[in-house]
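Chain by chain, the residues run as shown.
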Amino acid sequence: MAGRKHSGSEKGGDRAQKSKNVRGLARGHGMHHRPGAGAPRSLASGRLRDSHEHRERSYRRLSDDALADLPAEQRVATARRRLESDDEASIFGVPLKGARSRGVVVEVRKGHFLTELHQQPEQPPGSPPLPEFLRTVLRGTLEQFDRGLASLVASGDEIEVVLPPVSGDEEYEAVLTRVYPRTSEFRRLHPSGRSVQTIAANVKQVLVVASTVEPLFRPGFVDRLHVCALSCDLPMALVLNKMDLGIPDEVEQMVGVYRGLNLPVVKTSAATGEGLDELRALCAGKRSVLCGHSGVGKSSLLIALAPELEDLVAVGDVSEYNSKGTHTTTHARLHHVAGGEVIDAPGVREFTPADTDRKNLWAWFPEIASRQGQCEFNNCSHTVEKGCAILAAVAAGAIHPRRHESYVRIYQTLPV
């Protein structure tokens, strides 16, 4: 790695920072800097901090040069013995000191999340009052988490935290120590396709908000969320908002289709108050996750149900360019609404179910499941095959073409 260039005498001329290399093991700070059979080092030299938070170089505990000639396994074992026998080893892995408490994850942000405690823990006399929502961080990598998930915790998770003592004007920062098992979760396949993203945990139902117009009603998105909810073993209801703007005939037709599939439909208007009592009764006494495209009026409905949320929930406008909503909710957030709890999910435009695949997608479409096994071929995908009973039902009007169109589009985005 080239060093800085200095002008002047021969001694202070161009000097390259020399990298010490022992048997092909480059000395660097990252895994990619250490090629070789023994890389990366499992244990390495560290820096200590004194009580004044000043950095102090101390390499006496481990010497990489002395260990370099040993095989990898013996090198690690020797380093561990040195660490365990050191007088200062007690500073590593010590239990966290502070009050323990239990709470619920309110919102997950970048690098930390907010926690609402169920009860205030006992604090030393003179401690500053606790905030309503406690900033919480992770302590290292906790092995209990599923490494295949896009996030370690989600809104609605029940957790245990430790609250280290503070003094003066220091701010509280809790440390996560445990995540309790989830009773349910609403999740999707991450847009990257490489992980599963849990949007809300420990919920009882999914409420999908759609608007009649501005933006236009999109049955394909409703169908995707319906499949996702059913595959997560969660009931779903459709909240058709902005009824004050009228309802087109084709939207009213789709509402009849959904009601025929035993999907509850609540017609609301945050502007006039229509259907708010029915929606309030639907939310009471349970935890719901509220989903929908940006601009459909989720935030307006929340404020109509709980006016005290006006300072916490932002309301956006619909873009005149593409008739789509602008994002106002950027992170899933738990709110206390109408005698229950509502997790307001971000207005996502991509929603691929994570708990199904092409082979069993038919099971989440009731009108297709009732005809399963009637096709000419056992491995029929119900998309283009001749002799398909589903395609015949679509042609005969027994299955709505928009529903079959949704099935095909979801089928094409799912793994084989």
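Cut-offs and rules
Position labels on residues start from 1 in each chain and follow its written sequence. Confidence filtering applies because this is a predicted model: local features only for residues at pLDDT of at least 70, side-chain atom pairs given and counted only at 80 or more, and all residues used for totals across whole chains, interfaces and linings. Neither water nor hydrogens contribute to the side-chain values; these are computed over all heavy atoms in the structure. Runs of H or I in DSSP of at least four residues are treated as helices and runs of E of at least two as strands, each being numbered from the N terminus. The contact rule is simple, with two residues in contact once any of their heavy atoms fall within 4.5 Å. Any carboxyl oxygen of Asp or Glu that lies within 4 Å of a side-chain nitrogen of Lys or Arg is treated as forming a salt bridge with it. Any two strands are treated as partners once DSSP identifies two or more bridges connecting them. For Phe, Tyr and Trp, rings pair up if their centres lie within 6.5 Å, where Trp contributes its six-membered ring, and each pair is then called stacked (planes under 30 degrees apart), edge-to-face (over 60) or tilted (otherwise). Whether a charge sits over a ring depends on NZ of Lys or CZ of Arg being within 6 Å of the ring centre and within 35 degrees of the ring normal. The length a helix should cover is 1.5 Å for every residue beyond the first. The classification of residues rests on relative accessible area computed with a 1.4 Å probe and restricted to protein chains. Under 20% of the type maximum is buried, over 50% is exposed, and intermediate values are partly exposed. The quantity called pLDDT is the predictor's confidence in a given residue, expressed from 0 to 100. In this description, a line fitted to the C-alpha atoms serves as the axis of each element, helices being fitted only across the stretch in contact, and the angle between N-to-C directions of two axes falls anywhere from 0 to 180 degrees. Orientation labels follow simple angle bins: below 35 degrees gives roughly parallel, above 145 gives roughly antiparallel, 65 to 115 gives roughly perpendicular, and whatever is left gives oblique. By definition, any crossing whose near helix is turned counterclockwise from its far helix by less than a right angle is left-handed, and any crossing with a clockwise turn is right-handed. Grid points spaced at 1 Å over the protein atoms alone were grouped into cavities, where a 1.4 Å probe fits but cannot get out, and pockets, open sets with protein on both sides within 12 Å along at least five of seven lines, with lining residues defined by an atom within 4 Å of a point. Grid points are joined across faces, edges and corners, and a volume is the space filled by probe spheres set on the points. In this count, Pro and Cys sit with the nonpolar residues alongside Ala, Val, Leu, Ile, Met, Phe, Trp and Tyr, while Asp, Glu, Lys and Arg are called charged and the others, Gly among them, polar.

Moving on, we get to the overall build of the protein. If you tally the helices and strands in the protein, you get nine helices and 18 strands. Taking as baseline every contact in the protein between residues at least 6 positions apart, the subset at least 24 positions apart corresponds to 62%.

A few words now on the pattern of salt bridges. Counted under the stated rule, the structure contains 17 salt bridges. For the salt bridge of glutamate 160 with arginine 100, the shortest nitrogen-to-oxygen distance reads 3.3 Å. Of this pair, glutamate 160 sits in strand β8 (residues 158-163) while arginine 100 is found in strand β5 (residues 99-109), placing the two residues 60 residues apart along the sequence. One salt-bridge network, in which partners are shared between bridges, spans Asp157, Arg182, Glu185, Arg187 and Asp355.

Before going further, it helps to examine the sheet that holds strand β18 (residues 352-353). Spatially, β11-β10-β18 is the arrangement adopted by the three strands of the open sheet, whose pairing is antiparallel. Each edge of the sheet is formed by a strand with only one pairing partner; in this case those strands are β11 (196-201) and β18. Pairing analysis gives five bridges linking strand β10 (residues 185-189) to β11, with the strands arranged antiparallel. When the bridges of β11 are listed, arginine 187 appears paired with threonine 198.

What follows deals with the packing of aromatic side chains. Taken as a whole, this structure holds four aromatic pairs when the rule is applied. Three or more aromatic residues joined by ring pairs form one cluster here, namely Phe186, Phe221 and Phe351. In this structure, arginine 188 is placed above the aromatic ring of phenylalanine 351, and the distance from its NZ or CZ to the ring centre is 5.9 Å. For arginine 333, the ring lying beneath its charged end belongs to phenylalanine 133, and the centroid distance is 4.8 Å.

Before going further, it helps to spend a moment on helix α3 (residues 219-231). For α3, with 13 residues, the first-to-last C-alpha span of 18 Å sits near the 18 Å given by 1.5 Å per residue. The buried fraction of α3 is high, at eleven of 13 residues. All buried positions along α3 are accounted for by Pro219, Phe221, Val222, Asp223, Arg224, Leu225, His226, Val227, Cys228, Ala229 and Ser231. In the segment just after α3, aspartate 233 is the residue with positive phi, at about 60 degrees.

Let us look at the environment of phenylalanine 221. Mapping phenylalanine 221 onto the fold places it in helix α3. Along the sequence, phenylalanine 221 and valine 208 sit 13 residues apart, while their C-alpha atoms lie 9.4 Å from each other. Aside from chain neighbours lying at most four places away, what touches phenylalanine 221 is Gly292, His293, Val348 and Phe351.

The subject of this paragraph is the confidence of the model for the protein. For the protein, per-residue confidence averages 77 on the pLDDT scale, and residues scoring 70 or more make up 69% of the total. Below pLDDT 50 for its whole length, residues 316-329 participates in 34 contacts with residues either more than four positions away or in separate chains.

This part covers unusual backbone geometry. Residues glutamate 214 and proline 215 are joined by a peptide bond in cis, for which omega reads -5 degrees. As for its placement among the helices and strands, proline 215 is situated in the loop between β12 (205-211) and α3. One non-glycine residue, lysine 242, lies in positive phi territory at about 65 degrees. Mapped onto the secondary structure, lysine 242 falls in the loop between β13 (236-241) and α4 (249-260).

Attention now goes to the packing of α3 against helix α9 (residues 401-413). How two helices pack is summed up by the angle between their axes together with the distance between the axes. Packing of α3 against α9 leaves a shortest axis separation of 9 Å and a crossing angle of 60 degrees. Judged by the inter-axis angle, α3 sits oblique to α9. With respect to the hand of their crossing, α3 and α9 are arranged in right-handed fashion. Contacts from Pro219, Gly220, Asp223, Arg224, His226 and Val227 in α3 reach Arg402, Arg403, Ser406, Arg409, Ile410 and Thr413 in α9.

Looking at the secondary structure, you find leucine 130 in the loop between β6 (112-117) and β7 (134-137). On the accessibility criterion, leucine 130 (19% relative accessible area) is buried. Distance from leucine 130 to glutamine 120, taken between C-alpha atoms, is 8.0 Å for residues ten residues apart in sequence. Those residues in contact with leucine 130 that lie beyond four places of it in its chain are Leu117, Gln120, Pro121, Leu163 and Tyr172.

All right, on to empty space enclosed by the protein then. Inspection of every chain in the model, using the stated rule, returns three cavities of 30 Å³ or more. Of the volumes computed, that of the largest cavity is approximately 70 Å³. If you trace the largest cavity, you find it lined by Val209, Ala210, Ser211, Pro215, Leu216, Phe217, Arg218, Phe221, Val222, His293 and Val296. For the lining of the largest cavity, the leading source of residues is β12, giving three residues. Along the lines of polarity and charge, the residues of the lining of the largest cavity split into eight nonpolar, two polar and one charged. Approximately 50 Å³ is the volume found for the second largest cavity. Breaking the lining of the second largest cavity down by element, the ones donating at least two residues are β12, α5 (276-283) and α6 (298-305). Broken down by element, the lining of the second largest cavity gets its largest block of residues, three residues, from α6.

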